[in-house]
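Here are the chains, one letter per residue:
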Amino acid sequence: MKRILILSLKDLKLISRDKLGMFFMLAFPVLMALFFGSIMNFGPSGSNALKIAVCDRDRSPVSRRFVKNLQDNEVVDVDELPREDAVDSVRRGSHAGVIIIPPEFGMTAGVIWKDAPPIHLGLDPSRRAEAGMLEGMVMQAIGGLVMDRFQDPATLRPLIEDSRKEIQADDSVPLPTRVVLSTMMESLAGLIDSIEQVQSTADTAPGDMEQEAARGRGELRLASVTYIDVSRSPDPGSRAAILSKVRSGWDVSFPQAMVWAVMGCVAGFATLIVRENTLGTHTRLLVSPLTRSQLLAGKGVACFLCLMLVLTTMIMLAVGLGMRPRRWDLLVLSIASTGVCFVGLMLPLSLLGRTEQAVSGTVWGICTVMAMFGGGMVPVVFMPPFIQTLSNFDPVKWAVYSMEGAIWRGFTFTEMLLPCGILTAVGTVSLVIGSWMISRRQA
Amino acid sequence: MIKVQNICKTLGTTLAVNDVSFDVTAGEILGLLGPNGAGKTTTLNMLVGILQPDGGTVRINEGNPCDAGTRHYLGIAPQGLSLYEELTAQENLTFLGQLYGLSAGHLRDRVHEMLEFAALTDRRKHPVRTYSGGMKRRLNMAAALIHDPEVVVFDEPTVGVDPQSRNHIFDRIEELKKNGRTIVYTTHYMEEAQRLCDRVAVMDHGRILAMDTLGGLLTTYGGAAIVKGELEPDCQLAACPGVEADRSFRFSTNEPVREVVRLSESGVAFKALQINQPDLEAVFLSLTGRSLRDD
Ligand SMILES: Nc1ncnc2c1ncn2[C@@H]1O[C@H](COP(=O)(O)OP(=O)(O)OP(=O)(O)O)[C@@H](O)[C@H]1O
Ligand SMILES: [Mg+2]
């Protein structure tokens, strides 16, 4: 084991002195991650406002007024959408919550002696903390309606008239109560008359009214809030559902760039193996008291260590930029199995030519194609279905997929087994084939 | 120490080594002499276990060089330089020493000694790619000796080395011999074989044509020595063989000195005398009908 490490350290030293190799292994992928990460637009937008979708199914003056009150509130960004779109948009994560105004809303909203108007709220499950804030916002907007009703008594009068008639017609109410109530309604009508008179002569300070409305909020139920379920996405496999988990451009750009780093290492080490032959140093190693499997293991371990170093560096950088892997343990599992896979692939790839140029060129060619289909250039989710199917045969896809699983897809350990298992299997098989081919070539 | 029996090797379609056998005893230097493509390198590769012979056996210290254990006793300076160009001389030597499991202190001493051996102490921190051809050659030899092996194989170690460094290298090799190391040495150069080797094997087309001590080879295959010169005008012309009308003479004999003395005693007076002893070139010529080197 000690000898294998000595061999590996020598290889790491050699690779670290190869400036161009280092560029492709580290600098290029980092630049790529930074570039794509900064142009990709995912996750919450820059403004701190709570993005809310509103669906007004009432479309009465009162409900319009309510929507306007919401829009005037600087804490929320309001987009009006049809009902299904509004709910979907929350499911996709585009909006933090949805407010649905049912058709009867305008009849009773803001009328404090009537039943509280129904209203439906839905909230992104990951933003439960903001539920209270949203509800408060709704109440404030309805509170504004109460104030409006008093400011515009004309709209109240028919309501009072209706109520009075209702009370008088309702036989279930005992007569004395009926008398009391209709007297109250009459005096309310009188109150409104006098408000109108005051308004016509002088402008009342709206501040007083506002205070009153605010005070009323504590004691009265201004709205009857029911929550609707927006937590379950209709199709968890849909592109929208998948992308809703992405929190920032770094989430996508780093796994993508990390596979390029992996391929830089593979190309670097495949070339190093050939270089060992063209320089003749391989002869020296063959004469040393090391077995051929130790020599191979030395290369494998060196390549693996190099991969781990490069990937760790990139992850640290990403974390510095704000990327937060959902599961660190799974991320370790992911990069370890990616390492096994590509160390395994490196061996047969190193046999594709006799000169460094030939191997380096061929390996980069193959890697570029693998990257193209595996999501190293365009994320697999954005690809047409038949290419997505093809990409299942591409280890790069599984490497990206497993890293994404740990970083933002929120995989469980069981979900992680598929990509990591495939990577390890591909690595092991090509390790065996590669060792066999190398020993055959040497014989 | 080294026992090679009837080894054969076909590379591609060429029968590179054909039924080669030789023994080397401890402390001996065996030279392999042969033209390009004779099969010297292929033989050495089988000797150190890089190549597996198609037939025959190789034993080093009773062990098979294909076993990692046996290779502990072996050091090789391959014909093609085999050094890490991006590493410095010191790093190359240290890495190899570590592979052979030298302890840290011992390794430091050995690296120091080998840098001296290669006369690269002041360039030890420069990467090998910045060295001249001769410097690389010297380091290539030093790398073979880092673990002080009992059996050392040098494959044309002095190609491209200037005469001064070459003498330095020969002194070191003689020192190794004095310390009881067993050495196999291939070369195109007669002078080297004549100066260093106890025995010489002449190879061509994958076969060993002859193997003996230098003197043995010369007497068996070198043919007679050539004595030529010019006689004094007034001496016994008739007593000397091969005399021309202008008194110059040329004859061949197996015992040139004795013959010259005998002639002198019998009254022949030499104005000019030159004795051409047979050399390996002549040996090679007589064995193959070809000259060893084209130049
Ligand atoms: N890898 C190979 N594949 C095919 N033929 C080879 C290979 N290596 C050597 N040969 C052939 O084997 C023969 C012996 O080669 P070898 O290298 O042993 O010669 P050599 O005596 O060392 O020559 P030189 O003095 O030029 O180093 C040559 O004819 C060469 O062409
Ligand atoms: Mg050779």
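Residues numbered from 1 in each chain as written. Chains lettered and ligands numbered in written order. Predicted model: local features only at pLDDT ≥ 70, side-chain atom pairs only at ≥ 80, totals over all residues. Heavy atoms only, no water.

The assigned domain composition of chain B is domain 1 (2-219) and domain 2 (224-277). Measuring from the centre of the C-alpha atoms in domain 1 of chain B to the corresponding centre in domain 2 of chain B gives 44 Å. (Domains from an automatic or database assignment.)

Strand-to-strand pairing in sheets goes through backbone hydrogen bonds, with the strands running parallel or antiparallel. Residue and element names in this part refer to chain A. Across the sheet, 5 strands lie side by side as β2-β1-β3-β4-β5; this open sheet has mixed pairing. Two strands close off the open sheet at either side, each with one partner strand: β2 (76-80) and β5 (224-227). Across the sheet, the mean angle separating the axes of adjacent strands is 25° when strand polarity is ignored. Pairing of strand β4 (residues 118-123) with β5 involves 4 bridges; the strand directions are parallel. (Pairing = 2+ DSSP bridges. Helix = DSSP H or I, 4+ residues; strand = E, 2+ residues; numbered from the N terminus. Axes fitted to C-alpha atoms, helices over the stretch in contact; angles between N-to-C directions.)

Quick look at the coordination of the magnesium ion (ligand 2) now. Expected angles at a metal are 109.5 degrees for tetrahedral coordination by four donors and either 90 or 180 degrees for octahedral coordination by six donors. Residues and elements named next belong to chain B. Surrounding the magnesium ion (ligand 2) are the protein donor atoms T41 (OG1) and Q79 (OE1), which sit 1.8 to 2.1 Å from the metal. Linking T41 in helix α1 (residues 40-47) with Q79 in the loop between β5 (74-77) and α3 (89-99), this pair joins segments that are 38 residues apart in sequence. Owing to a relative accessible area of 30%, Q79 belongs among the partly exposed residues under this scheme. (Donors = N, O, S within 2.8 Å, 3.2 Å for Na, K, Ca; no water. Buried < 20%, exposed > 50% of the residue type's maximum accessible area, 1.4 Å probe, protein only.)

Residue and element names in this part refer to chain A. Scanning the entire structure with this criterion turns up 14 aromatic pairs over all chains. When the centroid spacing of 6.1 Å and the interplanar angle of 90° are considered together, the rings of F28 and W260 count as edge-to-face. Of this pair, F28 sits in helix α2 (residues 19-39) while W260 sits in helix α11 (residues 249-279), and the two are 232 residues apart along the sequence. Note on F28: relative accessible area 27%, which makes it partly exposed. Its relative accessible area of 6% is what places W260 among the buried residues. Judged by centre distance (6.1 Å) and plane angle (65°), the ring pair of W250 and F254 falls under edge-to-face. Of this pair, W250 and F254 both sit in helix α11, 4 residues apart, which is roughly one turn of that helix. With relative accessibility at 16%, the residue W250 sits in the buried group. Among the residues examined, F254 registers a relative accessible area of 0% and is labelled buried. (Phe/Tyr/Trp six-rings, centres within 6.5 Å; stacked < 30°, edge-to-face > 60°.)

A few words on the pattern of salt bridges. As enumerated under the stated definition, the model contains 30 salt bridges over all chains in all. When the shortest N-O distance is used, the salt bridge between A:K299 and A:E276 registers 2.7 Å. One end of the pair, A:K299, is in helix α13 (residues 292-321); the other, A:E276, is in helix α11, and 23 residues separate them in sequence. Assigned by exposure class, A:K299 and A:E276 land together as buried. With its nearest N and O atoms 2.8 Å apart, the salt bridge here joins B:D198 to B:K177. Of the two residues, B:D198 sits in the loop between α7 (190-196) and β8 (199-204) while B:K177 sits in helix α6 (residues 163-178), which places them 21 residues apart along the sequence. Judged by relative accessible area, B:D198 falls into the partly exposed class, the value being 28%. Exposure remark for B:K177: the relative accessible area of 27% places this residue in the partly exposed category. Among the charged side chains, a network of salt bridges with common partners joins A:K10, A:D11, A:E276 and A:K299. (Salt bridge = Lys/Arg side-chain N within 4 Å of Asp/Glu carboxyl O.)

Summarising the model, chain A shows a mean pLDDT of 81, and 85% of its residues fall at 70 or more. Per-element mean pLDDT across chain A ranges from 41 in helix α9 (residues 206-219) of chain A up to 93 in helix α14 (residues 328-350) of chain A. (pLDDT = per-residue confidence, 0-100.)

All right, on to the site of ligand 1 then. Residues and elements named next belong to chain B. Around ligand 1 lies a shell of 14 residues, among which G37, K40, T41, T42 and Q79 are the nearest. At 2.8 Å, a side-chain N or O of N36 approaches an oxygen atom of ligand 1. Interatomic distance of 2.5 Å between a side-chain N/O atom of T41 and an oxygen atom of ligand 1. Bound to the protein, ligand 1 loses 62% of the 630 Å² it would expose on its own. Elements with a minimum of two residues in the shell around ligand 1: β2 (14-24) and α1. No other element matches α1, which puts 3 residues into the shell around ligand 1. (Near = heavy atom within 4 Å. Polar contact = N/O pair within 3.5 Å; in protein donor to acceptor, adjacent residues only side chain to side chain. Areas by Shrake-Rupley, 256 points an atom, 1.4 Å probe, with all protein chains shown as cover.)

Attention now goes to the side chain of B:N140. Here B:N140 lies in helix α5 (residues 133-145). Excluding residues that lie within four positions of it along the chain, B:N140 makes contacts with A:R284, B:A77, B:P78, B:G80, B:L81, B:S82 and B:L83. (Contact = heavy atoms within 4.5 Å.)

Turning our attention to the sheet that holds strand β11 (residues 248-253) of chain B. All names here are of chain B. If you trace the 3 strands from one edge of the open sheet to the other, you get β11-β10-β12, paired in antiparallel fashion. In the strand order of this sheet, the two ends are held by β11 and β12 (270-276), each with one partner. Put simply, the sheet's adjacent strands are angled 15° from each other on average, direction ignored. Here strand β10 (residues 225-231) pairs with β11 via 6 bridges, running antiparallel. What sits directly across from I226, in β11, is S252. Relative to β12, helix α9 (residues 256-265) is tilted by about 165°, and along the sheet it contacts β10, β11 and β12.

Here we take up α1(B). Residue and element names in this part refer to chain B. Most of α1 sits out of view: 7 of its 8 residues are buried. Of all the positions in α1, only K40, T42, T43, L44, N45, M46 and L47 are classed as buried. Within two residues after α1, G49 carries a phi angle of roughly 85°, on the positive side.

On to the packing of α3(B) against helix α4 (residues 104-117) of chain B, then. Residues and elements named next belong to chain B. Two numbers describe how α3 lies on α4: the axes approach to 10 Å, and their chain directions differ by 135°. Relative to α4, the element α3 is oriented oblique. Here α3 and α4 pass one another in a crossing that is right-handed. Where α3 approaches α4, its residues A89, Q90, L93, T94, G97 and Q98 are matched on the opposing element by L107, V111, M114 and L115. Partitioned by chemical class, the residues of the contact of α3 with α4 number 6 nonpolar, 4 polar and no charged. (Parallel < 35°, antiparallel > 145°, perpendicular 65-115°, else oblique. Left-handed = near helix turned anticlockwise from the far one by under 90°. Nonpolar A, V, L, I, M, F, W, Y, C, P; charged D, E, K, R; others polar.)

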